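# Summary of structural features
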Amino acid sequence: LILDLHARDLDARTADRLASYPFMSATAEAINLIDYMGALLAKERLLPHKLNLWVPLLVDALLGDEPQLPSRLAGLLATVEANLSKDWTVEHMAERAGISASRLHAIFQENLGKSPRVWLTDLRLEHVCRLLSTTDLSIAELAYRFGYADQSALTRAMRKATGMTPAAYRRQARVRD
């Protein structure tokens with residue numbers, strides 16, 4: 001069996017492990033998954049969404065691990081984090097992961113304990129706060145870099161999350177240092 005996987009669809013740890021073992025024996029679980037997909041192919045009922053669901057399971061089975069963060073979700077998280085300025089909607093994230101928006105919500109709740117929108121907001125604000133503490137970038141620039149419509153949208157999000165404006169957060173961070 002030859003798997004043609006894209007690094008963007010795998011978390012770094014899984015990609016490294018697969019790269020270090022270009023040939024491996026199939027586990028019993030992997031053989032069962034391969035048999036299942038073979039049966040679907042024989043009946044010509046292999047739909048693309050089933051293949052998207054099957055590959056992360058097969059990777060986990062081949063590595064013999066307990067299932068980790070689903071590979072599809074890990075790839076999505078990495079893609080979103082690398083492109084935080086992009087206008088990410090739940091629908092766009094779900095499309096990128098090859099699943100429905102409701103399924104994406106369920107996977108996020110199950111694996112991360114929060115919705116995709118809350119996760120994205122938390123991630124953006126984490127980056128903003130780090131840069132507020134360590135750089136002199138303007139608040140407007142930070143808003144742009146992390147996907148906020150403008151400086152006031154970032155200010156509202158920061159105030160809601162931290163109780164402080166970006167400027168107040170920066171001042172407080174610099175006093176601590």
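Residues numbered from 1 in each chain as written. Predicted model: local features only at pLDDT ≥ 70, side-chain atom pairs only at ≥ 80, totals over all residues. Heavy atoms only, no water.

### Structural notes on the side chain of His127
Inspection of the secondary structure assignment puts His127 in helix H7 (residues 116-134). In this structure His127 comes out as buried when scored by relative accessible area, which is 12%. Beyond its immediate chain neighbours, meaning those up to four positions away, His127 contacts Glu81, Leu84 and Phe146. (Helix = DSSP H or I, 4+ residues; strand = E, 2+ residues; numbered from the N terminus. Buried < 20%, exposed > 50% of the residue type's maximum accessible area, 1.4 Å probe, protein only. Contact = heavy atoms within 4.5 Å.)

### Quick look at the packing of aromatic side chains
In total, this model carries one aromatic pair according to the counting rule given. Their ring planes at 65 degrees and their centres at 5.7 Å tell us that Phe108 and Trp119 sit as a pair that is edge-to-face. Of the two residues, Phe108 is situated in helix H6 (residues 101-112) and Trp119 in helix H7; the sequence distance between them amounts to eleven residues. Neither Phe108 nor Trp119 differs from the other in exposure class; each is buried. (Phe/Tyr/Trp six-rings, centres within 6.5 Å; stacked < 30°, edge-to-face > 60°.)

### Regarding the packing of H7 against helix H9 (residues 151-162)
Each pair of packed helices can be summarised by the angle the axes make with each other and by the distance between the axes. With their axes 11 Å apart at the nearest point, H7 and H9 run at an angle of 95 degrees to one another. As judged from the angle between their axes, H7 and H9 are roughly perpendicular. Within the contact between the two elements, H7 uses Leu125, Val128, Cys129 and Leu132 and H9 uses Leu154, Ala157, Met158 and Ala161. (Axes fitted to C-alpha atoms, helices over the stretch in contact; angles between N-to-C directions. Parallel < 35°, antiparallel > 145°, perpendicular 65-115°, else oblique.)

### So, the nonpolar core
Core analysis: the largest hydrophobic core is formed by 32 residues, its most contacted members being Leu76, Val80, Leu104, Tyr148, Leu154 and Met158. Elements represented by at least two residues in this core include exactly helix H4 (71-82), helix H5 (90-97), H6, H7, helix H8 (139-145) and H9. The leading source of residues in this core is H7, at eight residues. Counting eight residues, the second largest nonpolar core, distinct from the first, contains Ala30, Leu33, Trp54 and Leu58. (Core = buried A, V, L, I, M, F, W, Y, C linked by side-chain atoms within 4.5 Å.)

### Section: the layout of surface pockets
Within this model, the second largest pocket holds a volume of roughly 410 Å³. Lining the second largest pocket are 14 residues; nearest its centre among them are Leu1, Leu3, Tyr21, Pro22 and Met24. Grouping the amino acids of the lining of the second largest pocket by side-chain chemistry returns 14 nonpolar, no polar and no charged. (1 Å grid on protein atoms, 1.4 Å probe; cavity = no way out; pocket = protein on both sides within 12 Å on 5 of 7 lines; lining within 4 Å. Points joined across faces, edges and corners; volume = space filled by probe spheres on them. Nonpolar A, V, L, I, M, F, W, Y, C, P; charged D, E, K, R; others polar.)

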